[in-house]
4 protein chains.
Amino acid sequence: MSNSIGRNLVFTSFGESHGPATGGILDGCPAGIKLDYDLINSDLRRRSPIGKKATTSRVEADQCEFLSGILDGVTLGTPIAYLIRNTDVKSSDYDDLKEVFRPGHADHTWAAKFGIRDHRGGGRASARETVARVVAGAIAKMLLAASNISVEAFVTSVAGITVESDPASFSGKISASNPISCPDQKIAGLMLSEVEKNHKSGDSTGGVITCVVQNVQAGIGSPVFNKLHASLAYANLSIPAAKGFELGAGFENSKLKGSELNDSLLKPNISAASLGGINGGISNGGIIWFRVAFRPAASIAMEQKAYNSEGKMVSLKIRGRHDSFFLPRAVPVVEAMTALTIADYLSY
Amino acid sequence: MSNSIGRNLVFTSFGESHGPATGGILDGCPAGIKLDYDLINSDLRRRSPIGKKATTSRVEADQCEFLSGILDGVTLGTPIAYLIRNTDVKSSDYDDLKEVFRPGHADHTWAAKFGIRDHRGGGRASARETVARVVAGAIAKMLLAASNISVEAFVTSVAGITVESDPASFSGKISASNPISCPDQKIAGLMLSEVEKNHKSGDSTGGVITCVVQNVQAGIGSPVFNKLHASLAYANLSIPAAKGFELGAGFENSKLKGSELNDSLLKPNISAASLGGINGGISNGGIIWFRVAFRPAASIAMEQKAYNSEGKMVSLKIRGRHDSFFLPRAVPVVEAMTALTIADYLSY
Amino acid sequence: MSNSIGRNLVFTSFGESHGPATGGILDGCPAGIKLDYDLINSDLRRRSPIGKKATTSRVEADQCEFLSGILDGVTLGTPIAYLIRNTDVKSSDYDDLKEVFRPGHADHTWAAKFGIRDHRGGGRASARETVARVVAGAIAKMLLAASNISVEAFVTSVAGITVESDPASFSGKISASNPISCPDQKIAGLMLSEVEKNHKSGDSTGGVITCVVQNVQAGIGSPVFNKLHASLAYANLSIPAAKGFELGAGFENSKLKGSELNDSLLKPNISAASLGGINGGISNGGIIWFRVAFRPAASIAMEQKAYNSEGKMVSLKIRGRHDSFFLPRAVPVVEAMTALTIADYLSY
Amino acid sequence: MSNSIGRNLVFTSFGESHGPATGGILDGCPAGIKLDYDLINSDLRRRSPIGKKATTSRVEADQCEFLSGILDGVTLGTPIAYLIRNTDVKSSDYDDLKEVFRPGHADHTWAAKFGIRDHRGGGRASARETVARVVAGAIAKMLLAASNISVEAFVTSVAGITVESDPASFSGKISASNPISCPDQKIAGLMLSEVEKNHKSGDSTGGVITCVVQNVQAGIGSPVFNKLHASLAYANLSIPAAKGFELGAGFENSKLKGSELNDSLLKPNISAASLGGINGGISNGGIIWFRVAFRPAASIAMEQKAYNSEGKMVSLKIRGRHDSFFLPRAVPVVEAMTALTIADYLSY
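An account of the accompanying structure is given in this report. (Residues numbered from 1 in each chain as written. Chains lettered and ligands numbered in written order. Predicted model: local features only at pLDDT ≥ 70, side-chain atom pairs only at ≥ 80, totals over all residues. Heavy atoms only, no water.)

## Considerations on the overall build of chain A
When you go through chain A residue by residue, the secondary structure sums to eight helices and 18 strands. Expressed as lengths along the three principal axes of its C-alpha atoms, the size of chain A is roughly 60 × 50 × 40 Å. Split by element, the accessible area of chain A, about 11200 Å² in all, is 52% carbon and sulfur. (Helix = DSSP H or I, 4+ residues; strand = E, 2+ residues; numbered from the N terminus. Areas by Shrake-Rupley, 256 points an atom, 1.4 Å probe, with all protein chains shown as cover.)

Following this line, the structure appears as structure tokens:
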């Protein structure tokens, strides 16, 4: 179950970055859904490094082959299995990493857990794995579309440069000319400068993604455990490098007084917008929004000190192809995990 | 399952605040554990309002009666069921809330989900429910003690007043004379002044709790889904009023460069302390720590505007007994949810 | 999870036979169901030894106290917790069983698993535990009644004496004058003679229970895993002493030719009645029926040889109060496990 | 979850018989297991129709391609995904079945559940799906081999012709010259005659498979729910055409007296062999054995009456390639489901 998520709509992921393929199974998808292949491909493209030259040097083909669960483009109600072949791999780049634990990475924790690991490109710890999530997430979006529910994510903070405006205003704000998926064109420019500066100095950049979900009816979620925002946190914190989650302005709200939060009622029965659209674990019918904090990529181009498996400190220069700034590529992954979670909650 | 948490060590909670009893079942606890009743009672006392006069007017007896799973004070390996009678209830205080949705509360979302609710004292949405978690959490701590693992939580930010020192230094820092469970005596005083000021003006105060877990061996957790920090987030965000979670300095870390995070290696194979002791979802052998953000209590003493079930705005003065500042009482609840999560992960 | 069953409608059981109480939690029951306390009490009475003098000497009060999930007799959608105090216990009767493994019982397997066990009256291995199932099952029956679904079980074979008529004809066939819950009054008499003969010689008697479920719509169940009859088997084989399950005439059908089974179509789209109403794991809209085989009670009054915990063979005379023929008491338990399973399947 | 089985060792299956591929994911397999590809291929061959000319006309290649979870032939502890391409399919054979519900099949129940179905070769309801189970089962056998546990299944009853000898004596009894997987060479001959007679008349034959598991230590299983034999029933009743399960001589035992069962103690602490090696849901350290009853194949060559989707009765002659006697092919499937279940129980 450690590679599955969901209760009735269950997504299971498989694959190492330099193994034969990455893919997944989506079980519990209703029968009779006409697949929107354009949406799948468009989300795969948003996750791919194409057009994000500044930040990565990989070119992944990401052709999704469906193996089951579909007949003539329509879902059968049976498990939808699919794979994406890992074609753009240069495993030899990673030979000198076999015995070194890269700083900030999960190399030593995987060694502690499994005793063995596929060191090539991070193996299963690689963000390559998220390609499988994007396909399942796109199908989940198709299920949500039937209830008119939209899921959109945005890069809203990079290196401390932050979009302050109301998340409710973000919808549809990203143009093709904005490589950073930021809802504010001007701030996007500032962010990009910072990213490029760090990239040139062999360093990496982190940030925050804000996700906005619209048209979820009131009453979705569960009390006590299985709270809707707890599951959104669980789903999004499973994304590589995600280290923080807040519903609405969670951490800022903790500094306020009760009257300050309660006063700002938007409309009958809907709580303050900054609470993020969920009360007591259950949707309140307003816009649901939350933020996910991502640490800067652990792989950096500059030389670092690192420990090897014998406990000695060595000098390390990471080769291979890695992103110095991955947040725009994480945007469709946040959307995928969110869509899967909401669609699962709607199924019970 | 919406009222259960855990995979092998499963805790199920039951009870409405003004119903006959609140309690739970802990299933999956190994046989042969000698129960430390003092720990259970001490954690119940830390959660109770006793000695927290400034912030609540309730006196709960919280006598735990064990119904099964124990023979002569030793666990049998069978489900441990227990209940705490709800004795200190004044249901009539809540009569005028029957048709009013209290601002910031889950009243309208529960109505949307269930169509029916126990309005007395919040019913199952009341934080009264957490008394059951504290008992199960105390038993989980007994399981962890066998591996020398400790779980301690602290109030580290109140109304924006924040303890900045290293979480690794917090252990054992709380004395009986510190009613606020803050590891810094001086800052505790500042916090208390702010809390009392808000209380006097009929308002409530929020804050942040930091939890520190020591001596978890490297290798605990799961890759991809079921990441250890994702489950810690899921467990702690199930606590009433918890709206944010960050592993280590999650949101602050998102502003840094990769080199800044990676540089600060503490010792061989352990990543930067600010990363919170978990890499790639798996414990790295260092101190695990994280923060949980709590909104100020939604129930405030001052008069508010509120919508009723007919959609009309009415004037509301909340009676009944409620806390204007509940964070010290939430400290053992954070510990309980954390201990249950870690103990569950150790069981598979 | 080992003491829970169900996916969305989850029943968790607790209690040792000579501990303070036996009970359970039913989680996932919808809000707004008016509880039929008469049904609960009537099913408890059917499970109790009252009026079954020939076969047991126990008198259990079995007063069910509800602890949560109900307000003014109506379900709240929150967990329904309840307990039945264990009042009619004579623990001293079991003192000499502390170190002896009773033949046919689970004494040695529990010792192997847990290292410790509550020897008094079988502890949690006692069929006393099923009292908690009957309460949850009665609530499940209330849920099914809304879809007009009925669940009835019958004793159809005792010591090889078997009712051969069509299970579809059993409905409503049990009168108060039939202490054995057999749908054929005449065969019931033969069965009772055999039971009493064995009882007098200090021996016990086994048999088969047939369960009939009516008005389940076509399309309930799941393909591959989670087949409806597989879950019915799983649920019913969890009843103490249940050792066999067959859907329809499962074992007899294995001797037939395909044409013999296929030929006997009852009506359009419904497969042969002897197939039991489920095809490919999914209900076909016809009557669902199956049989559960129960071994004779392991506790017998006559003197036996038994091994003790030191591996020595000793002479054993079991005292305490036990049934020499428990099948009529197992009838409402089969109904309970079946109702819980069907109601759970209807919830997703 | 409907296509997954297991708690910690989770097998998920996918694929329609005439879709691109059938396969699965095995999640929870420990790291460091060297894969025995010969065992996988040998079990696939035992399931394939090769050498079973009398009973099928299919030739399936069944080449298993592993997609993840393995590096240099050793498991990584990550999900093991694999697929088998469906090469030997003649979908056009099934064109005239599009609107007809084959008698005894799941056609109408799938239509009722999903509204849509892949009619070609039964789609996902086809026993083709079991090829994926055999691969996962072979890996589970590798895990069990580390504890010296063996799982062997045998055809022990065909058309009422039954092997009566002690299941403990079956081990290793099947030679290559015995196409029917029966442990008694002479009875195998009688069975084969009956099968061929039915086959010639266009009919199908059913039977019983007995499974024998050796060297499971005492103490494996769970009390109350999650009983070991209940899970074995659940797993084996998920096999197409399986309609009955009994632990040991379950149905025969129900006719005995308690003294008859209890008397036959084999050795200290081990209950009567006919009880099947499990007491109270927990292994007793003796041989575990059980029987699974299979109905004769629903697809028969002779002409039948059938209802179509418009409710009209039509004449039906099933083309395509189907087995008139599939039990020998089901033997490795029973072993697979059993090995998966036992290996899962050993993991917690």
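## Considerations on the pairing of strand E10 (residues 150-158) of chain D
Residues and elements named next belong to chain D. Of all the nine residues making up E10, eight are buried; the element is thus mostly covered by neighbouring parts of the structure. As defined by bridge partners, E10 adjoins strand E12 (residues 207-214) across eight bridges and the pair is classed as antiparallel. When the bridges of E12 are listed, Ser-157 appears paired with Val-208. In the sheet, E10 pairs with strand E11 (residues 161-162) via two bridges, with the strands oriented antiparallel. Looking at E11, one finds that Ser-157 is bridged to Thr-162. Count of turn residues in the E10/E11 antiparallel hairpin: two residues, of which Ala-159 carries a positive phi of about 55°. (Buried < 20%, exposed > 50% of the residue type's maximum accessible area, 1.4 Å probe, protein only. Pairing = 2+ DSSP bridges.)

## Remarks on the interface of chain A and chain B
Across the boundary between the two partners, chain A contributes 92 residues, which contact 93 residues of chain B. A combined buried area of about 7000 Å² lies between chain A and chain B, and 63% of that area is made up of carbon and sulfur atoms. Linking chain A to chain B there are zero salt bridges. Inspection of the region where chain A meets chain B yields 33 residue pairs in polar contact (both at pLDDT 80 or more). With three bridges connecting them, strand E13 (residues 242-247) of chain A and strand E13 (residues 242-247) of chain B associate as antiparallel partners. Across the sheet, residue Phe-245 of chain A finds its bridge partner in E13 of chain B, namely Phe-245 of chain B. (Contact = heavy atoms within 4.5 Å. Buried area = accessible area lost by both parts, 1.4 Å probe. Salt bridge = Lys/Arg side-chain N within 4 Å of Asp/Glu carboxyl O. Polar contact = N/O pair within 3.5 Å; in protein donor to acceptor, adjacent residues only side chain to side chain.)

## Remarks on the sheet that holds strand E3 (residues 21-27) of chain C
Strand pairing in a sheet relies on backbone hydrogen bonds, with the paired strands running either antiparallel or parallel. Residue and element names in this part refer to chain C. With respect to topology, five strands assemble into an open sheet ordered E1-E2-E3-E8-E5, the strand pairing being antiparallel. Taken across any chain shown, the strands that pair with only one partner, and hence form the sheet edges, are strand E1 (4-5) and strand E5 (64-66). Note that E1 and strand E2 (residues 10-14) share two bridges and pair antiparallel. When the bridges of E2 are listed, Ile-5 appears paired with Phe-11.

## Regarding the nonpolar core
Nonpolar side chains in soluble globular proteins generally cluster together in the buried interior. Grouped together as the largest cluster of nonpolar side chains are 159 residues, with contacts concentrated most on Phe-66, Tyr-82 and Phe-294 of chain C together with Phe-66, Tyr-82 and Phe-294 of chain D. Filtering out sequence-adjacent residues up to four positions away, Tyr-82 of chain D remains in contact with Phe-11, Phe-14, Gly-23, Gly-24, Ile-25, Cys-64, Glu-65, Phe-66, Leu-67, Ala-132, Val-135 and Ala-136 of chain D. If you look at the next biggest cluster of nonpolar residues, it comprises 158 residues, including Leu-9, Ala-188 and Ala-249 of chain A together with Ile-288 of chain B. (Core = buried A, V, L, I, M, F, W, Y, C linked by side-chain atoms within 4.5 Å.)

## Some words on the relation of the copies chain D and chain C
Overlaying chain D on chain C yields an RMSD of 0.0 Å, the required transformation being a rotation through 180° with an accompanying axial translation of 0.0 Å. Both copies are brought into coincidence by an operation consistent with a two-fold rotation axis. Residue by residue, 100% of the interface of chain D is reproduced at the interface of chain C, so both copies engage with the same surface. (Least-squares fit on C-alpha atoms with pLDDT ≥ 70 in both.)

## Brief notes about the relation of the copies chain A and chain B
Mapping chain A onto chain B is achieved by rotating through 180° and translating by 0.0 Å along the same axis, at an RMSD of 0.0 Å. Taken as a fraction of all interface residues of chain A, those also at the interface in chain B reach 100%, which identifies the copy contact as same-surface.

## Some points on the sheet that holds strand E18 (residues 313-316) of chain D
Residues and elements named next belong to chain D. Strand order in the open sheet formed by three strands is E9-E17-E18, with antiparallel pairing between adjacent strands. Only two strands of the sheet have a single partner each, and these edge strands are strand E9 (100-101) and E18. Relative to E18, strand E17 (residues 304-308) is paired through four bridges, and the arrangement is antiparallel. Its bridge partner lying in E18, Ala-306 is registered against Val-314.

## Thoughts on unusual backbone geometry
Of note, Val-224 of chain B is a non-glycine position whose phi angle comes to about 60°, a positive value. Summarising the element assignment, Val-224 of chain B is placed in the loop between strand E12 (207-214) and helix H5 (228-236).

## Here's the deal with the environment of Asp-166 of chain D
Residues and elements named next belong to chain D. Relative to the assigned elements, Asp-166 resides in the loop between E11 and helix H4 (185-200). Its relative accessible area of 44% is what places Asp-166 among the partly exposed residues. Measuring from C-alpha to C-alpha, the distance between Asp-166 and Ile-116 comes to 47 Å, with 50 residues separating the pair along the chain.

## Considerations on the packing of helix H3 (residues 130-145) of chain A against helix H8 (residues 327-346) of chain A
All names here are of chain A. The geometry of H3 relative to H8 is characterised by a closest axis approach of 7 Å and an angle of 45° between their N-to-C directions. When the interaxial angle is binned, H3 and H8 end up oblique. Crossing of H3 over H8 shows left-handed handedness. Residues Thr-130, Arg-133, Val-134, Ala-136, Gly-137, Ala-140, Lys-141, Leu-143 and Leu-144 of H3 lie in contact with H8, whose contacting residues are Pro-332, Val-333, Glu-335, Ala-336, Met-337, Ala-339, Leu-340, Ile-342, Ala-343 and Leu-346. Taken together, the residues that form the contact of H3 with H8 break down as 14 nonpolar, two polar and three charged. (Axes fitted to C-alpha atoms, helices over the stretch in contact; angles between N-to-C directions. Parallel < 35°, antiparallel > 145°, perpendicular 65-115°, else oblique. Left-handed = near helix turned anticlockwise from the far one by under 90°. Nonpolar A, V, L, I, M, F, W, Y, C, P; charged D, E, K, R; others polar.)

## Some details on the side chain of Asp-344 of chain D
Residues and elements named next belong to chain D. With respect to the secondary-structure elements, Asp-344 resides in helix H8 (residues 327-346). The side chain of Asp-344 sits in the buried core without any salt bridge; Arg-7 is the nearest counter-charge, 5.9 Å away. In this view, Asp-344 contacts Gly-6, Arg-7, Asn-8 and Leu-9; residues no more than four positions away in its chain are not counted. (Lys, Arg positive; Asp, Glu negative; His and termini not counted.)

## Description of the interface of chain D and chain C
Across the contact, 93 residues belong to chain D and 93 residues belong to chain C. Of the roughly 7000 Å² buried between chain D and chain C, counting both surfaces, carbon and sulfur atoms make up 63%. Summed over the shared surface of chain D and chain C, the result is zero salt bridges. Taken together, the links from chain D to chain C amount to 33 residue pairs in polar contact (both at pLDDT 80 or more).

## Some points on the packing of aromatic side chains
For the structure shown, the criterion picks out 36 aromatic pairs over all chains. Plain terms: the ring middles of Tyr-345 of chain B and Tyr-348 of chain B are 5.6 Å apart, the flat faces sit at 35° to each other, and that makes the pair tilted. Taking the relative accessible area as the measure of exposure, Tyr-348 of chain B reaches 29% and is therefore partly exposed. Members of the aromatic cluster, connected to one another through ring pairs, are Tyr-37, Phe-66 and Tyr-82 of chain A. Over the ring of Tyr-348 of chain A we find Arg-7 of chain A, and its NZ or CZ is 4.0 Å from the ring centre. (Phe/Tyr/Trp six-rings, centres within 6.5 Å; stacked < 30°, edge-to-face > 60°. Lys NZ or Arg CZ within 6 Å of the ring centre and 35° of its normal.)

## Here's the deal with helix H1 (residues 37-47) of chain A
Residue and element names in this part refer to chain A. Among all positions in H1, only Ile-40, Asp-43, Leu-44 and Arg-47 are buried. Down the axis, H1 shows its buried residues gathered within 100° of arc, on one side only. Those residues of H1 that are buried are in contact with strand E5 (64-66), H3 and H8. Looking at where H1 begins, the residue whose side-chain oxygen comes 3.2 Å from the main-chain nitrogen of Asp-38 is Asp-36. (Arc of directions from axis to C-beta.)

## Section: the pairing of E12 of chain B
Among the eight residues of E12 of chain B, eight are classified as buried, and the element is accordingly described as predominantly covered. Side chains Gly-207, Ile-209, Cys-211 and Val-213 of chain B project from E12 of chain B onto one buried face, and the interleaved Val-208, Thr-210, Val-212 and Gln-214 of chain B project onto a second face that is buried too.

## Details of the pattern of salt bridges
This model, assessed by the stated rule, comprises 46 salt bridges over all chains. The salt bridge partner of Glu-335 of chain A is Arg-46 of chain A, with a shortest N-O separation of 2.8 Å. A residue pair is termed long-range when its members are at least 10 positions apart, and Glu-335 of chain A in helix H8 and Arg-46 of chain A in helix H1 qualify at 289 residues. With a shortest N-O distance of 3.1 Å, Glu-252 of chain B and Lys-255 of chain B are connected by a salt bridge.

## Let's talk about the environment of Val-195 of chain C
By the secondary structure assignment, Val-195 of chain C is in helix H4 (residues 185-200). Val-195 of chain C sits 168 residues away from Asp-27 of chain C along the chain, and the two C-alpha atoms are 39 Å apart.

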